[in-house]
Amino acid sequence: MLGSKRQGVAVWLTSLKFARQLRRFGNVHYVSKKMKYVVFYCDQEKVDETIKKLQAFPFVRDVKPSMRPFIETEFQNAKPDKAKEYDYKMGI
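Just so we're clear, the structure is a prediction, and the values are computed from it rather than from any experiment.

(A) Here's a closer look at the overall build of the protein chain. Along the backbone of the protein chain there are 2 helices and 4 strands. Considering the protein chain as a whole, with its 92 residues, one finds that 26% of them fall into the buried category. Restricting to contacts in the protein chain with at least 6 residues of sequence separation, those with at least 24 account for 62%. When the accessible surface of the protein chain is split by element, carbon and sulfur atoms take 53% of a total near 7,800 Å².

(B) Summary view of the side chain of threonine 50. Structurally, the position occupied by threonine 50 is in helix H1 (residues 47–55). Using a relative accessible area of 6% as the deciding quantity, one classes threonine 50 as buried.

Procedures and definitions
Residues numbered from 1 in each chain as written. Predicted model: local features only at pLDDT ≥ 70, side-chain atom pairs only at ≥ 80, totals over all residues. Heavy atoms only, no water. Helix = DSSP H or I, 4+ residues; strand = E, 2+ residues; numbered from the N terminus. Buried < 20%, exposed > 50% of the residue type's maximum accessible area, 1.4 Å probe, protein only. Contact = heavy atoms within 4.5 Å. Areas by Shrake-Rupley, 256 points an atom, 1.4 Å probe, with all protein chains shown as cover.

Set out below in structure tokens:
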């Protein structure tokens, strides 16, 4: 699993007692007791088949994959902050 691309998956459950069973699908990152959901990471190539397996369980309400790997994180035409430019010139 090291070196491979990972993707997050959020799973809403009917009861949190089933949260431990999700460890076999990937690395559990967060469990919300109040809203009854689990966030875990798995290999990006296996996300679709993992979601199909999870939706077959009776204790799963909803499954949503994370869209973060597909979102552009480098922004263009970002205007530099004038205050920061001034602070850097002050020290020299």
